[in-house]
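A closer look at the structure
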Amino acid sequence: RAYPSDGGLAVYLRDVTPQKRAEDAQRRSEERFRIVASVTSDAIWDLDLATDMLWFSGNVRELFGYAPEEFAGPLALWIDRIHPDDRQRILDSFEGAMHGSLQADWSDDYRFVRKDGSVAHVHDRARIVRDAGGRTVRVVGAVVDISEQHEADLRIREQASLLDQAKDAIVAIGLDGRIRYWNHGAERLYGWLATEALGQPVAGRVYLDAALLAEAMRSVMASGAWSGDTTGRRKDGSAVAVEAQ
């Protein structure tokens with residue numbers, strides 16, 4: 001800074017190296033954040049609570065059809081596009097995480113309305129940044145479209161519902177020999193509920209002939225099928241002859 005003086009100019013110098021270093025570090029940090037946001041498949045978002053300004057990465061266009069600038073503003077721009085049936089629940093959950101406790105993370109699943117009017121099922125997760133006094137100052141999160149996974153899970157549940165209607169006992173066994181699926185028919189035949197059977201070893205508990213079960217597993221792995229007769233055991237300890245395939 002220079003000021004006129006009787007002798008000409010009075011010049012005052014101040015070392016701003018620490019300030020410039022801090023500014024450079026902040027700039028590099030922001031650049032890294034933008035680069036990470038550009039290479040991930042998620043839509044990254046950043047909410048500044050002091051200004052109530054929301055920022056979204058460019059992926060929001062690919063996932064939901066919106067331009068990033070359509071969310072450049074208050075959080076309400078995002079909240080208003082949450083499906084009406086989920087909106088209040090998500091708003092309560094989000095505000096509760098920010099202001100009602102000192103938790104560091106928030107996540108939830110909900111439906112989000114794309115720009116073309118279709119509905120996406122999404123998983124949203126965020127890290128809550130607080131100041132020294134515990135007040136939330138910033139929230140950084142990522143949204144991923146899980147619509148395909150949701151549809152697959154729905155089909156699996158529908159298929160499981162159909163299998164539960166079958167009179168036969170249907171049991172799925174993993175390569176580790178433990179029970180992975182147990183329908184209502186199996187509950188009726190053997191007496192164990194699905195909650196009691198899932199995760200349990202099938203040999204010695206349900207099917208008594210361990211050698212035959214091992215042979216059946218090898219046959220399935222080699223040719224994709226096996227059938228035969230074996231002896232099962234009910235929950236009450238009684239034996240039951242079964243035809244398995």
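Refer to the preceding data block for the structure.
Below is a summary of the structure that appears in this document.

About the criteria used
- Residues numbered from 1 in each chain as written.
- Predicted model: local features only at pLDDT ≥ 70, side-chain atom pairs only at ≥ 80, totals over all residues.
- Heavy atoms only, no water.
- Phe/Tyr/Trp six-rings, centres within 6.5 Å; stacked < 30°, edge-to-face > 60°.
- Helix = DSSP H or I, 4+ residues; strand = E, 2+ residues; numbered from the N terminus.
- Expected span 1.5 Å × (residues − 1).
- Buried < 20%, exposed > 50% of the residue type's maximum accessible area, 1.4 Å probe, protein only.
- Arc of directions from axis to C-beta.
- Contact = heavy atoms within 4.5 Å.
- Polar contact = N/O pair within 3.5 Å; in protein donor to acceptor, adjacent residues only side chain to side chain.
- Pairing = 2+ DSSP bridges.
- Axes fitted to C-alpha atoms, helices over the stretch in contact; angles between N-to-C directions.

It is worth spelling out the packing of aromatic side chains at this point. This structure, assessed with the given rule, holds twelve aromatic pairs. An aromatic cluster is defined as three or more aromatic residues linked by ring pairs; in this entry it consists of Phe-56, Phe-64, Tyr-66, Phe-71, Trp-78 and Phe-112.

Its 16 residues give helix α4 (residues 84-99) an end-to-end C-alpha distance of 23 Å, which sits within 8% of 22 Å, the value for a rise of 1.5 Å per residue. Taken together, the buried positions of α4 are occupied by Asp-86, Ile-90, Phe-94, Ala-97 and Met-98. Projection of α4 onto a plane perpendicular to its axis shows the buried side chains occupying an angular sector of 90°, all on one side. The secondary structure elements touched by the buried residues of α4 are β3 (43-48), β5 (105-113), β6 (119-130) and β7 (136-145).

Our focus in this paragraph is the environment of Asp-145. Assignment of secondary structure puts Asp-145 in strand β7. You can call Asp-145 partly exposed: its relative accessible area is 25%. Each C-alpha atom of the pair Asp-145 and Phe-64 lies 8.6 Å from the other, and the pair is 81 residues apart in sequence. Setting aside chain neighbours within four positions, we find Asp-145 in contact with Leu-63, Phe-64, Arg-114, Ala-120, His-121 and Val-122. Here Arg-114 takes part through its side chain, which lies 3.1 Å from a polar atom of the side chain of Asp-145. Only 2.6 Å separates the side chain of Asp-145 from the side chain of Ser-147, close enough to count as a polar contact.

With respect to topology, five strands assemble into an open sheet ordered β4-β3-β7-β6-β5, the strand pairing being antiparallel. Edge positions in the sheet fall to β4 (53-56) and β5, since each has one partner strand and no second. Averaged over all pairs of adjacent strands, the angle between strand axes in this sheet comes to 20°, irrespective of strand direction. Sheet analysis places β3 next to β7, joined by six bridges and oriented antiparallel. What sits directly across from Leu-47, in β7, is Val-139. Lying on the sheet, α4 is in contact with β3, β5, β6 and β7; it crosses β5 at an angle near 160°.

Turning to unusual backbone geometry, a few remarks are in order. Its identity is not glycine, yet Asp-52 carries a phi of approximately 55°, on the positive side. Along the chain, Asp-52 turns up in the loop between β3 and β4.

Functional significance is not addressed by these values, which are geometric in nature.
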